[in-house]
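# Observations on chain architecture
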Amino acid sequence: MASFVSNVSTLVESGLRGPALTRRRALALQVGAVGVFLALWSVLAGLVVVLKLFNPIFLPGPWLVLGALAELAAKGQLWIHLAATLERVTIGFGVGAALGVGLGLAAGQLGPVRDVVEPLIELLRPIPPLAVLPLFIVWVGIGEPSKIGFITYATFFPIFLTTVTGVRQIDPVLLRAAQSLGARGLGLFTRVILPAALPDILTGLRLGVALAFFVIVISEFIGAEHGLGYLINDGRNFFLVEQMLAAAVVLGLLGYAGNGLVRLLERRLTRGQHPA
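What counts, and where the lines are drawn
Every residue gets a number counted from 1 within its own chain, in the order that chain's sequence is written. Predicted model: local features are reported for residues with pLDDT of at least 70 only, side-chain atom pairs are reported and counted for 80 or more only, and whole-chain, interface and lining totals are derived from all residues. Neither water nor hydrogens contribute to the side-chain values; these are computed over all heavy atoms in the structure. Going along the chain from the N terminus, every DSSP run of H or I of four or more residues is numbered as a helix, and every run of E of two or more is numbered as a strand. What the globule rule says is 2.2 Å times the number of residues to the power 0.38, and the radius of gyration is computed from C-alpha atoms. Accessibility here uses a 1.4 Å probe with only protein chains present; expressed as a share of the type maximum, an area under 20% marks a residue as buried, one over 50% as exposed, and anything in between as partly exposed. Between two residues, a contact is recorded if the distance between any of their heavy atoms is within 4.5 Å. Note on areas: Shrake-Rupley with a 1.4 Å probe; residue coverage comes only from the protein chains shown. As used throughout, the charge tally considers Lys and Arg to be positive and Asp and Glu to be negative, leaving His and the chain termini uncounted. To locate a charge, the coordinates of NZ of Lys, CZ of Arg, CG of Asp or CD of Glu are taken. To form a nonpolar core, buried Ala, Val, Leu, Ile, Met, Phe, Trp, Tyr and Cys residues must be joined to one another through side-chain atoms within 4.5 Å. Any carboxyl oxygen of Asp or Glu within 4 Å of a side-chain nitrogen of Lys or Arg constitutes a salt bridge here. Residue ranges labeled as domains rest on an automatic or database domain assignment. The buried area of a pairing is the accessible area, by a 1.4 Å probe, that goes missing from both parts when the two are put together, added over both. Definition of a polar contact: a pair of N or O atoms within 3.5 Å, with one able to donate and the other able to accept a hydrogen when the atoms are protein atoms, and with sequence-neighbouring residues admitted only if both atoms are side-chain atoms.

Across its full length, the protein chain carries eleven helices and zero strands. Scanning the protein chain from its N terminus toward the C terminus, one meets helices and strands in the order α-α-α-α-α-α-α-α-α-α-α. In terms of overall size, the protein chain is more extended than a compact globule, its C-alpha atoms giving a radius of gyration of 24 Å where 276 residues would be expected to give roughly 19 Å. C-alpha atoms of the protein chain, sized along the principal axes, occupy 75 × 55 × 30 Å. By the burial criterion, 34% of the 276 residues in the protein chain qualify as buried. Considering only residue pairs separated by 6 or more positions, the protein chain has 72% of its internal contacts joining residues 24 or more positions apart. Carbon and sulfur atoms form 70% of the exposed surface of the protein chain, whose accessible area is close to 16,800 Å². Across the protein chain, 20 positive and 14 negative side-chain charges occur, with their mean positions spaced 10 Å apart.

Shown next as structure tokens:
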């Protein structure tokens, strides 16, 4: 009977979502999508040159961008800028994640904390990060604190909101069942509340990682001597489009890697919630 129910559930899920792809086929689709994108980019760049649609300097082909990236790496400049960006993102995102998760858990669990914090959050959240960057510069200067604080500000809100949502959407029946079995206080929090809210928390972390790499470029436009955002701004000033695109490609790869790390963490931490 149990086997029959399991097979029916599998068939229903397969009918709703389609058959699950093997890891090799999924990887082939991902690599193929990137290959198609590069091919279209190459064709478009070639058409610009052949048909003389506009100055080819505005749309260099992927081979030119990779060449500029290899040149920066060979000269050692890329690693200096990469290290500066990663350091700022790591610190800013780490502080934002710690504040977002910590305050979100408290606000989701305790009504008085939520009543105090949520009005302030909802007042500040609609303000675009770009609008507060000049304030950070006025308050703490154009050095590292303003850049790290800017990233912290941008990443805090999605992490806080998803954490609060995850805690408040826990099934009350689950909480009552745990309490009836003797779970109280810290044990209830660590064994029931936190695991149940974990998927939403990790979703917020994924959003935060993407936002961190998004806003770091803006912060490095102003008063930075190193960083991938500085490379993009320097390329704009001297019309080095290949350098601009090369730095943008590296930022995209870093964001993809950061998202992949959070997804790996999600699979490990929620393995028991989603059995094969």
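Before going further, it helps to spend a moment on the nonpolar core. A general trend in soluble globular proteins is that nonpolar side chains are found buried together. Within the largest apolar cluster, 53 residues are counted, with the highest numbers of intra-cluster contacts made by Phe93, Phe160, Leu205, Leu228, Val250 and Leu251. Within the residue set of this core, elements represented by two or more residues are α3 (62–75), α4 (77–109), α5 (111–124), α6 (129–140), α7 (144–168), α9 (185–220), α10 (228–237) and α11 (241–269). Here this core gets 14 residues from one element, more than from any other, and that element is α9. Those residues in contact with Phe93, other than ones at most four positions away along the chain, are Ile151, Thr155, Ile159, Leu205, Gly208, Val209 and Ala212.

What follows concerns the environment of Gly252. Along the polypeptide, Gly252 turns up in helix α11. Look at Gly252 and you get partly exposed, because its relative accessible area is 43%. Along the sequence, Gly252 and Leu188 sit 64 residues apart, while their C-alpha atoms lie 40 Å from each other.

This paragraph deals with the pattern of salt bridges. Under the defined criterion, the tally for this structure stands at four salt bridges. For Arg88, the salt bridge is made with Glu220, and the minimal N-O distance between the two is 2.7 Å. Here Arg88 is found in helix α4, whereas its partner Glu220 is found in helix α9, with 132 residues between them in sequence. Judged by its relative accessible area of 5%, Arg88 is buried. When the shortest N-O distance is used, the salt bridge between Glu122 and Arg125 registers 2.9 Å. Glu122 gets classed as partly exposed once you look at its relative accessible area, which sits at 37%.

A few words on the domain arrangement of the protein chain. By domain assignment, the protein chain separates into domain 1 (22–59) and domain 2 (62–269). Centre-to-centre, using C-alpha coordinates, domain 1 lies 30 Å away from domain 2. Contacts between the two partners involve seven residues from domain 1 and, on the opposite side, seven residues from domain 2. Summing both sides of the interface, domain 1 and domain 2 together bury roughly 630 Å²; the carbon and sulfur share of this comes to 80%. If you look at where domain 1 meets domain 2, you find zero salt bridges. For the interface between domain 1 and domain 2, the tally reads zero residue pairs in polar contact (both at pLDDT 80 or more).

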